[in-house]
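These are the residues of each chain, in order.
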Amino acid sequence: DAGVIQSPRHEVTEMGQEVTLRCKPISGHNSLFWYRQTMMRGLELLIYFNNNVPIDDSGMPEDRFSAKMPNASFSTLKIQPSEPRDSAVYFCASSQRAQPQHFGDGTRLSIL
Amino acid sequence: EDQVTQSPEALRLQEGESSSLNCSYTVSGLRGLFWYRQDPGKGPEFLFTLYSAGEEKEKERLKATLTKKESFLHITAPKPEDSATYLCAVQATGYSTLTFGKGTMLLVSP
């Protein structure tokens, strides 16, 4: 079975540019989560969708970050404009009801 | 606010040398405690869920246990392929989200 698929795997861009990260959850999963992982802060939840509806976005750092889930098989996390402090590994995870979350392999983002 | 603290931050073992990783937590009401394994360049991989104090789960050389304040991940006779970062997370009652600890980086030398 295909797991959670994220793209791109690596992204290097200059400060001020728009960055779009993409996620395809596991088919049949109704919850989707975006996380950010850094050495200093570990794995932090950014936003959580249930049935394509944003439920909790309290972890989104600021207005430069936005996330959408237009359908059950696709979600995006956008940063505009990007800043060097946004450099991190971004993970997407999905789950079905109360089952454990399954993670993708992440996007390693570097903002120069 | 839910909190998860893992110790030690890093652990180096010789092959065959058993040990335990600790996960201390505070949560308003525990729905579940999760253990994940993360390899370099990969996403966390689910290992176990524990739901109530006294519960134990086993998988190969790993055994997870749970009390009302902490969980242990016991590693028996580890092999080099057990080297990874082990993450602990809690889920509060009524919530779908997880709060993660910062992990324990385990290195097993041959």
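The following refers to the structure shown. All of these numbers come straight from a predicted model, not from anything done at the bench.

1. Concerning the interface of chain B and chain A
Interface extent is often summarised as the accessible area lost during association of the parts. In this assembly, 16 residues from chain B lie in contact with 17 residues from chain A. Roughly 1,400 Å² of surface becomes buried between chain B and chain A when both sides are summed, with 56% attributable to carbon and sulfur atoms. Area buried by chain B at its contact with chain A is led by S96(B), T97(B) and F100(B), which between them contribute 29% of it. In this assembly, chain B and chain A are joined by one salt bridge. Across the salt bridge formed by D105(A) and K42(B), the nearest N and O atoms sit 3.8 Å from each other. For the side of chain B that touches chain A, the element with the highest residue contribution is strand β4 (residues 30-38) of chain B, accounting for four residues. Residue composition of the side of chain B that touches chain A, grouped by class: seven nonpolar, six polar and three charged.

2. A word on the nonpolar core
General note: in soluble globular proteins, nonpolar side chains tend to be found buried as a group. Among the nonpolar cores identified, the biggest contains 24 residues, and L33(B), W35(B), L73(B) and Y86(B) are the most heavily contacted of them. Listed by contribution, the elements that provide at least two residues to this core are β2 (10-14), β3 (19-26), β4, β5 (45-50), β7 (62-66), β8 (70-75), β9 (84-92) and β11 (104-109) of chain B. With five residues, the single largest contributor to this core is β9(B). Discounting chain neighbours no more than four positions away, the residues touching Y86(B) are Q6(B), L21(B), W35(B), Y36(B), R37(B), L47(B), L62(B), L73(B), G103(B), T104(B) and L106(B). Counting residues in hydrophobic clusters, the runner-up holds 21 residues, among them L21(A), I47(A), M60(A) and I111(A).

3. Thoughts on unusual backbone geometry
For the bond running from S7(A) to P8(A), omega is -10°, close enough to zero to count as cis. Summarising the element assignment, P8(A) is placed in the loop between β1 (5-7) and β2 (10-13). The amide bond that connects S7(B) to the next residue, P8(B), takes the cis arrangement and shows omega of -10°. Mapping P8(B) onto the fold places it in the loop between β1 (3-7) and β2. For N52(A), which is not glycine, the phi torsion reads 75° and is therefore positive. Assignment of secondary structure puts N52(A) in the loop between β5 (42-50) and β6 (53-56). Here E60(B), not a glycine, exhibits a phi torsion of approximately 55°, which is positive.

4. Comments concerning the sheet that holds β1(A)
Residue and element names in this part refer to chain A. As summarised here, the arrangement of the four strands in space is β1-β3-β8-β7, forming an open sheet in which the pairing is antiparallel. Looking at strand neighbours, the two that pair on one side only are β1 and β7 (65-71), the edges of this open sheet. Between one strand axis and the next, the sheet turns through 15° on average, direction left out of account. Relative to strand β8 (residues 74-79), β7 runs antiparallel, the two sharing five bridges. Within the sheet, the bridge partner assigned to A67 lies in β8 and is L77.

5. Points about the state of the cysteines
Residues and elements named next belong to chain B. This model, assessed by the stated rule, comprises two disulfides over all chains. In this model C23 forms its disulfide with C88; the gap between the sulfur atoms is 1.9 Å. With the S-S bond torsion at -60°, the cross-link from C23 to C88 turns out left-handed. Of this pair, C23 sits in strand β3 while C88 sits in strand β9, placing them 65 residues apart in sequence. A residue is classified by how much of its surface remains accessible, and C23, at 0% relative accessible area, is buried.

Procedures and definitions
- Residues numbered from 1 in each chain as written.
- Chains lettered and ligands numbered in written order.
- Predicted model: local features only at pLDDT ≥ 70, side-chain atom pairs only at ≥ 80, totals over all residues.
- Heavy atoms only, no water.
- Contact = heavy atoms within 4.5 Å.
- Buried area = accessible area lost by both parts, 1.4 Å probe.
- Salt bridge = Lys/Arg side-chain N within 4 Å of Asp/Glu carboxyl O.
- Helix = DSSP H or I, 4+ residues; strand = E, 2+ residues; numbered from the N terminus.
- Nonpolar A, V, L, I, M, F, W, Y, C, P; charged D, E, K, R; others polar.
- Core = buried A, V, L, I, M, F, W, Y, C linked by side-chain atoms within 4.5 Å.
- Buried < 20%, exposed > 50% of the residue type's maximum accessible area, 1.4 Å probe, protein only.
- Pairing = 2+ DSSP bridges.
- Axes fitted to C-alpha atoms, helices over the stretch in contact; angles between N-to-C directions.
- Disulfide = S-S within 2.5 Å.

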